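Report on the structure
Next come the chains, spelled out residue by residue.
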Amino acid sequence: MSVLAAAAAFAVTALAAGSAAAYDGTNCRAPGNCWEPKPGYPDKVAGSKYDPKHNPAELAKQGESITQMEERNKKRVDYFQKTGQFVYDVSKIPSN
């Protein structure tokens, strides 16, 4: 049993020593807060080559599809409440 305990202690020590040896020279603002941008990364992303430049029309597509989904669901629920029959395909719901 002591052999297993010694092996476990050795593994923990080896892992701790390995992480200390992997220190790459970053300057930490606080313990555990050591993120730094890579050299050449701009302070401000907007207008740089890293700016994703999202197209507003592409971003609006999800909102439009959600609105359309809610309209279809409302038609399904209204028809179900009226008839007691659930119809998934909205085109099969009578317009009356």
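See the structure printed just above.
Read on for an overview of the structure.

Conventions adopted
- Residues numbered from 1 in each chain as written.
- Predicted model: local features only at pLDDT ≥ 70, side-chain atom pairs only at ≥ 80, totals over all residues.
- Heavy atoms only, no water.
- Phe/Tyr/Trp six-rings, centres within 6.5 Å; stacked < 30°, edge-to-face > 60°.
- Lys NZ or Arg CZ within 6 Å of the ring centre and 35° of its normal.
- Salt bridge = Lys/Arg side-chain N within 4 Å of Asp/Glu carboxyl O.
- Helix = DSSP H or I, 4+ residues; strand = E, 2+ residues; numbered from the N terminus.
- Buried < 20%, exposed > 50% of the residue type's maximum accessible area, 1.4 Å probe, protein only.

This next bit is on the packing of aromatic side chains. Tallied over the entire structure, the rule returns one aromatic pair. Note on tyrosine 41 and tyrosine 50: the rings are 4.6 Å apart at their centroids and 45 degrees apart in plane angle, and the pair reads as tilted. When the ring centre of tyrosine 88 is taken as reference, the NZ or CZ atom of arginine 76 above it lies at 4.5 Å.

Overall, the coordinates contain two salt bridges when judged by the stated rule. Measuring nitrogen to oxygen at the nearest pair gives 3.1 Å for the salt bridge that ties glutamate 58 to lysine 61. Residue glutamate 58 and its partner lysine 61 are both found in helix α2 (residues 56-83); the two are separated by three residues, about one turn of the helix. Under the relative-accessibility criterion, glutamate 58 is labelled partly exposed at 47%. Take lysine 61: its relative accessible area is 46%, and that puts it in the partly exposed class.

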